[in-house]
Number of protein chains: 2
Amino acid sequence: MDVHGRDLRYFAAVAEELNFTRAAERLFVSQPALSKQIRMLEKQVGARLFHRDRRVVRLTVVGEALLPHARGMLAAWEAAEAAVEEARAAELHTLVIGMSTSPGRGLLPALRTRLVSRYPHARPVLRQVNWADPSAGLADGSSDVAFVWLPLPDGDRYRHAVVAQEPRLVALPQGHPLAARAAADGEGAVDFTDLLDEPFLALPSEAGPLRDYWLALDARDDRAPRIGGVVGSAEETHEAVANGQGVALLATGNAPLVVRDEVIAVPVRGISPSRLAVAARRDDERPLVAAYLAAAAEVAGTTS
Amino acid sequence: MDVHGRDLRYFAAVAEELNFTRAAERLFVSQPALSKQIRMLEKQVGARLFHRDRRVVRLTVVGEALLPHARGMLAAWEAAEAAVEEARAAELHTLVIGMSTSPGRGLLPALRTRLVSRYPHARPVLRQVNWADPSAGLADGSSDVAFVWLPLPDGDRYRHAVVAQEPRLVALPQGHPLAARAAADGEGAVDFTDLLDEPFLALPSEAGPLRDYWLALDARDDRAPRIGGVVGSAEETHEAVANGQGVALLATGNAPLVVRDEVIAVPVRGISPSRLAVAARRDDERPLVAAYLAAAAEVAGTTS
DNA sequence: GACATCCATAACTCATGGCTATCACGACAG
DNA sequence: CTGTCGTGATAGCCATGAGTTATGGATGTC
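Computed from a predicted model, the values in this text were never measured in an experiment.

On a plain count of helices and strands, chain A comes out with ten helices and 13 strands. The C-alpha atoms of chain A give a radius of gyration of 33 Å, which is well past the 19 Å a tight globule of 304 residues would have. Its C-alpha atoms put chain A at 110 × 40 × 35 Å along the principal axes. In chain A, buried positions account for 48% of the 304 residues. At a minimum sequence separation of 6, the contacts of chain A that also span at least 24 residues come to 72%. Taken as a whole, chain A presents about 14600 Å² of accessible surface, with 53% of it coming from carbon and sulfur. Averaging the positions of the 34 positive and the 39 negative side-chain charges in chain A gives two centres separated by 12 Å.

The next subject is the sheet that holds strand β8 (residues 190-191) of chain A. Residue and element names in this part refer to chain A. Here we have four strands laid out as an open sheet, ordered β8-β12-β7-β11, and mixed in their pairing. Each edge of the open sheet is held by one strand with a lone partner, namely β8 and β11 (248-251). As judged from the four bridges shared by strand β7 (residues 168-173) and β11, these two strands associate in the antiparallel manner. When the bridges of β11 are listed, Leu 169 appears paired with Leu 250.

Let us now look at the protein's contact with DNA strand D. Around DNA strand D lies a shell of 20 residues, among which Ser 30 and Lys 36 of chain A together with Ser 35, Arg 39 and Arg 52 of chain B are the nearest. The share of sugar and phosphate among atoms of DNA strand D within 4 Å of the protein is 66%. Contacts to DNA strand D include Ser 30 of chain A, whose side-chain N or O atom sits 2.6 Å from a phosphate oxygen. In this structure, a phosphate oxygen belonging to DNA strand D sits 2.7 Å away from a side-chain N or O atom of Arg 52 of chain B. Considering only residue class, the surface near DNA strand D consists of seven nonpolar, six polar and seven charged.

All right, on to the protein's contact with DNA strand C then. Around DNA strand C, the surrounding shell holds 19 residues, and the nearest of these are Thr 21, Ser 35, Arg 39 and Arg 52 of chain A together with Ser 30 of chain B. Restricting attention to atoms of DNA strand C within 4 Å of the protein, one finds that 68% of them are sugar or phosphate atoms. Contact distances for DNA strand C include 3.0 Å between a phosphate oxygen and a backbone N or O atom of Phe 20 of chain A. Within the side chain of Ser 30 of chain B, an N or O atom sits 2.7 Å from a phosphate oxygen of DNA strand C.

What follows is about the relation of the copies chain B and chain A. Rotating chain B by 180° and moving it 0.2 Å along the rotation axis overlays it on chain A with an RMSD of 0.3 Å. Both copies are brought into coincidence by an operation consistent with a two-fold rotation axis. Among all residues of chain B, the one whose C-alpha sits closest to the rotation axis is His 4 of chain B, at a distance of 2.0 Å.

A few words on the nonpolar core. Within the largest apolar cluster, 62 residues are counted, with the highest numbers of intra-cluster contacts made by Phe 147, Val 170, Phe 192, Leu 249, Val 278 and Tyr 292 of chain B. Looking at this core, the element that brings in the most residues is helix α10 (residues 287-303) of chain B, giving eight residues. Taken together, domain 2 (92-164 + 276-303) and domain 3 (168-272) of chain B each give at least three residues to this core, which thus spans both. Counting 60 residues, the second largest nonpolar core, distinct from the first, contains Leu 108, Ala 171, Leu 201 and Trp 214 of chain A.

In this complex, chain B contributes 33 residues to the contact, which on the side of chain A involves 33 residues. In total, about 3000 Å² of surface goes out of reach between chain B and chain A, with carbon and sulfur atoms giving 66% of it. Of all residues in chain B, the largest losses of buried area upon contact with chain A belong to Asp 2, Met 73 and Trp 77 of chain B, amounting jointly to 21% of the total for that side. For the pair chain B and chain A, the interface holds two salt bridges.

Aromatic ring pairs are reported here in terms of the distance separating the ring centres and the angle at which the planes meet. Evaluation of the coordinates by the stated rule reveals ten aromatic pairs over all chains. Here Phe 20 of chain B and Phe 50 of chain B contribute two aromatic rings whose centre-to-centre distance is 6.0 Å and whose plane-to-plane angle is 70°, an arrangement assigned as edge-to-face. A residue pair is termed long-range when its members are at least 10 positions apart, and Phe 20 of chain B in helix α2 (residues 20-27) and Phe 50 of chain B in strand β1 (residues 50-51) qualify at 30 residues. Side by side, Phe 20 of chain B and Phe 50 of chain B carry an identical accessibility label, which is buried. Residues Trp 149 of chain B and Trp 214 of chain B carry aromatic rings whose centres are separated by 5.4 Å and whose planes lie at 85° to one another, so their mutual orientation is edge-to-face. One end of the pair, Trp 149 of chain B, is in strand β5 (residues 145-150); the other, Trp 214 of chain B, is in helix α7 (residues 209-214), and 65 residues separate them in sequence. Comparing Trp 149 of chain B with Trp 214 of chain B, the two get one shared label, buried. Taken together through their ring pairs, the aromatic side chains of Phe 11, Phe 20 and Phe 50 of chain A make up a single cluster. A cation over an aromatic ring shows up here: Arg 220 of chain A above the ring of Phe 200 of chain A, its NZ or CZ 4.6 Å from the ring centre.

Here the focus is the domain arrangement of chain A. As far as domains go, chain A holds domain 1 (5-88), domain 2 (92-163 + 276-303) and domain 3 (168-272). Using only C-alpha atoms to locate each centre, domain 1 of chain A and domain 2 of chain A end up separated by 51 Å.

All right, on to the sheet that holds strand β5 (residues 145-150) of chain A then. All names here are of chain A. Pairing is mixed across the open sheet formed by five strands, whose spatial order is β4-β3-β5-β13-β6. Looking at the sheet topology across the chains shown, the edges are occupied by β4 (123-128) and β6 (158-166). Each strand of the sheet is rotated relative to its neighbour by a mean of 25°, with strand direction disregarded. Two strands pair when backbone bridges link them, and strand β3 (residues 94-99) and β4 are joined in this way by six bridges, in the parallel orientation. Along β4, the bridge assignment pairs Met 99 with Gln 128. Its contacts with the sheet place helix α4 (residues 61-93) against β3 and β4, and it is angled at close to 45° to β3.

All names here are of chain B. Here Ala 265 is to be found in strand β12 (residues 263-269). A residue is classified by how much of its surface remains accessible, and Ala 265, at 24% relative accessible area, is partly exposed. When the C-alpha positions of Ala 265 and Leu 49 are compared, they lie 82 Å apart, and in sequence the two are 216 residues distant.

Residue and element names in this part refer to chain B. Among the structural elements, Leu 201 can be located in strand β9 (residues 199-202). A relative accessible area of 6% means that Leu 201 is categorised as buried. Leu 201 sits 191 residues away from Tyr 10 along the chain, and the two C-alpha atoms are 70 Å apart. Look past the residues within four positions of Leu 201 in its chain and what remains in contact with it is Leu 215, Gly 228, Gly 229, Val 231, Thr 237, Ala 240, Val 241, Gln 245, Gly 246, Val 247 and Ala 248.

Calculation notes
Residues numbered from 1 in each chain as written. Chains lettered and ligands numbered in written order. Predicted model: local features only at pLDDT ≥ 70, side-chain atom pairs only at ≥ 80, totals over all residues. Heavy atoms only, no water. Helix = DSSP H or I, 4+ residues; strand = E, 2+ residues; numbered from the N terminus. Rg over C-alpha atoms; globule rule 2.2 N^0.38 Å. Buried < 20%, exposed > 50% of the residue type's maximum accessible area, 1.4 Å probe, protein only. Contact = heavy atoms within 4.5 Å. Areas by Shrake-Rupley, 256 points an atom, 1.4 Å probe, with all protein chains shown as cover. Lys, Arg positive; Asp, Glu negative; His and termini not counted. Charge placed at Lys NZ, Arg CZ, Asp CG, Glu CD. Pairing = 2+ DSSP bridges. Near = heavy atom within 4 Å. Polar contact = N/O pair within 3.5 Å; in protein donor to acceptor, adjacent residues only side chain to side chain. Nonpolar A, V, L, I, M, F, W, Y, C, P; charged D, E, K, R; others polar. Least-squares fit on C-alpha atoms with pLDDT ≥ 70 in both. Core = buried A, V, L, I, M, F, W, Y, C linked by side-chain atoms within 4.5 Å. Domains from an automatic or database assignment. Buried area = accessible area lost by both parts, 1.4 Å probe. Salt bridge = Lys/Arg side-chain N within 4 Å of Asp/Glu carboxyl O. Phe/Tyr/Trp six-rings, centres within 6.5 Å; stacked < 30°, edge-to-face > 60°. Lys NZ or Arg CZ within 6 Å of the ring centre and 35° of its normal. Axes fitted to C-alpha atoms, helices over the stretch in contact; angles between N-to-C directions.

Right, dumping it as structure tokens:
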């Protein structure tokens, strides 16, 4: 049914040498071992492959028919090994960077530069991940490193470097009463207490603690928020806010993605700032991953 | 270094099913056996082929790279098996018929007809063999059956059916004194005793007893013949006789190949007739071979 | 006739590939 | 929250496979 590549190799060697002893030497096996394997192969294909009469070894008609196929398969296996090696090398040098929205702030080019200067063969690949996965692909292995919002669910499975810490804003429709109040405020800001009764746009429930974080549950004293809708991307958030379905907290760096047309964003007093981090799986020790985290720590140091 | 075809088959099956248990069922092996073999293959190529995390099995990049090659090699092996099968079938139906000179006498068509009527798939192939091999290729296996002159050296290794028994002639140059004597003879023949002192053309020494036979040693009473030269074909014999190098005994059926231009042939009294037979190796039991010998026996019966 | 060459055989060892039984773990239903 | 199911990994066992060395037997060679 199946054939062992070794047998084909043996067969091709004997077919070339037409001498079992020399072929065995070339193959670094004993002559009886070679004889036996050829016999096995003959038994398997159900026909003699070599005439061994009268001190001469020569191919039979069947052997003649098999030889080119055997050579072809040996070459095919070499090609397969080469392809595997290539894929392995490519994989070794590829770093998949997950992100739910673009981190912006000039982070990607800065990190890319640092990574490539350390590992010239590195090929960073960006991967967009739905907001429903707060680990941005780390959890299911589809990303090697990721831009995530802290706090991260299952936080002890990951290590991270914070790359940005910014006040959170609230996105409001342009004609909202609070928009006017912020304009009148000395800092152009609003208090979170003024937002307590507003309907909020929430992340999908799969987001876990992150959903709570962007609803600022910790600043609500156990009073449940009103949920105006569920959003899974910046675009959806913009639409929902503009339509008056609710308001939404935003990281400063993400404001440009949501604020346009009928939607504005104003700072919120009385809630903790957002923290954007680069994270990786804790058990992932690959050099490229470590280098990216190190680069993130450096960048945070220089920009803070 | 080498792969076992089985491992590729297993790999392809798992890659299709993306489920070890189902793939194992399809392959008629137990699930642990399959798991183990896949692990072995991964160890051999030096890279994971499947991600098995989170209850899902899916191909890695390396696995993706290997899969088409694996499928290609499996297909290649099937093609190889088909080629072998075809060669085997062709060989099974091929009968190589050795002959040193054409047996003539309408024997070939008669035997061919009988063979094909018994085995419609049979493909008789004619093969010309030098006179140096009196077995006409039977000894070294290059012929399956052969037209031979009796007695055959190593006669017990072969079985045969006599297809022609004819007086022997002697080939003479046209102007030879014995030619005139034969013309004067009532039967147009000469006595072998008249030839005893003539130089004879002999077969190569490898021909063994056949050489002695065509020198008619048994009719010489231990007196060594004079050897005028060694000949390996009908053409050489003609030339040598025409040039006066010597005379040569001939089977009646072979006379047309030698007699022309300056060479004539006349019957010889006092020596045994020649016997042409179809022979095969005694241990060769193949039906086609048996059928050809049987056909030869029949034909001899009808023509004698 | 001793010798060299070359393939086949014999007897043995150890790795390989298969099996069954069982475990570990996530998903899911009650 | 707990029992069950589905799925892959692990453990232990056994038959076979593929290698070894030693030797035999046939065929040329000097």
